[in-house]
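Reading the structure
Chain by chain, the residues run as shown.
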Amino acid sequence: MTNEFKNQDLEILISTMNRNVLDFLIPMFPFCHFSEYSILIINQTQENNLLVSDFPSVRVINSFEKGLSKSRNLALKNAKGKIVLIADDDVVYKKDFDATIIRAYNQYNNKAAISFCIEKPNGVLFKKYFPLAKMNLSLMELFNVLSVEISLNKSILDKSGVVFDEDFGLGSQFEMAEEAVFLSDIKNTNQQIAFMPNVIAMHPELSSNEKLDFSKRYYVQGAFLARVVEVSYFKSLATKIFFDLKQKKLKLSQVVAAIKNANQGKADYYKLKNRSNA
């Protein structure tokens, strides 16, 4: 193991909206003051509601655009850290999370990205994770990675030229799957994405109001599959439906509607793509 990276090489890229004070950072770092970390905040807001930082370690960019992927891209464009961590404004980091991340990159410094685990407020893992580290996640395994689990080697990312697809994510036509599209694009540049079974943060569970119903989920899923696995669209959709039925995320009576909504998402994605290429 080399010690190419140090803890201070990590920069946390936080996407937030309509902030005018830094107080929201306090609960994110319960074990120390947030100014001990290198942080870049993208605050999507209005011109009369700006966020300002008096801390040299905390940089702020007030953006007047909307869309989560646009926020992520602005953060990546302006990031200074050698290793960057994708963040939302409602995560709570574990003590020594930075050392955990840096240790992983010093062990596997050829990885473009490394994903980690997060947990719920009750201490239970947020979802089912692999029990052991994986050195190169498959395309299908990337589909289940959440944005706040993602860290990136900035040098490798910059060479790849990959950015978030701004047609996906909150505030866009297709309201989720932006992280899966992003990671898939990185993998398609022949870069490796690893997983480490270490918990780095706590994230609140989605409320019922925040969760998309199955029709909207499959609408986005159709667009996502058309974007990422175009040649095996129907096989991938069938696999998704099978696993959702098995995990009781979908009822048998909803299958026909799910396919219909997925195909509509696929069609709308191609319309959007064709307009962009015109």
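Residues numbered from 1 in each chain as written. Predicted model: local features only at pLDDT ≥ 70, side-chain atom pairs only at ≥ 80, totals over all residues. Heavy atoms only, no water.

1. Overview of the sheet that holds strand β6 (residues 113–119)
In spatial order, the strands read β3-β2-β1-β4-β7-β6-β8-β5; together these eight strands make up an open sheet with mixed pairing. Each edge of the sheet is formed by a strand with only one pairing partner; in this case those strands are β3 (58–63) and β5 (92–93). Relative to strand β4 (residues 83–88), strand β1 (residues 10–17) runs parallel, the two sharing six bridges. Following the sheet pairing, L13 is matched in β4 by I86. Lying over the sheet, helix α2 (residues 97–107) contacts β1, β4, β5, β6, β7 (150–153) and β8 (193–202), oriented at roughly 150° with respect to β6. Contacts from helix α5 (residues 178–187) reach β6, β7 and β8, with the element oriented near 30° to β7. (Pairing = 2+ DSSP bridges. Helix = DSSP H or I, 4+ residues; strand = E, 2+ residues; numbered from the N terminus. Contact = heavy atoms within 4.5 Å. Axes fitted to C-alpha atoms, helices over the stretch in contact; angles between N-to-C directions.)

2. Some thoughts on the pairing of β8
Here β8 lies mainly inside the structure; seven of its ten residues are buried. Pairing geometry for β6 and β8, over six bridges, is parallel. In the sheet register, C117 faces β8, and the bridge partner there is V199. (Buried < 20%, exposed > 50% of the residue type's maximum accessible area, 1.4 Å probe, protein only.)

3. Thoughts on the packing of aromatic side chains
Geometry of an aromatic ring pair is reported as the spacing of the ring centres plus the angle between the planes. Overall, the coordinates contain 20 aromatic pairs when judged by the stated rule. Here F168 and Y269 contribute two aromatic rings whose centre-to-centre distance is 6.2 Å and whose plane-to-plane angle is 45°, an arrangement assigned as tilted. Here the residue F168 occupies a position in the loop between α4 (154–160) and α5, and Y269 occupies one in helix α8 (residues 255–277), the gap between them amounting to 101 residues. Both residues of the pair, F168 and Y269, belong to the buried class. Between F174 and Y219, the ring centres sit 5.6 Å apart and the planes meet at 40°, which makes this aromatic pair tilted. Residue F174 is found in the loop between α4 and α5, and its partner Y219 is found in helix α6 (residues 214–228); the two are separated by 45 residues along the sequence. The buried category is assigned to Y219, whose relative accessible area is 17%. Members of the aromatic cluster, joined through ring pairs, are F29, F31, Y37, Y93 and F97. Over the aromatic face of F130 sits the side chain of K134, whose NZ or CZ is 4.6 Å from the ring centroid. (Phe/Tyr/Trp six-rings, centres within 6.5 Å; stacked < 30°, edge-to-face > 60°. Lys NZ or Arg CZ within 6 Å of the ring centre and 35° of its normal.)

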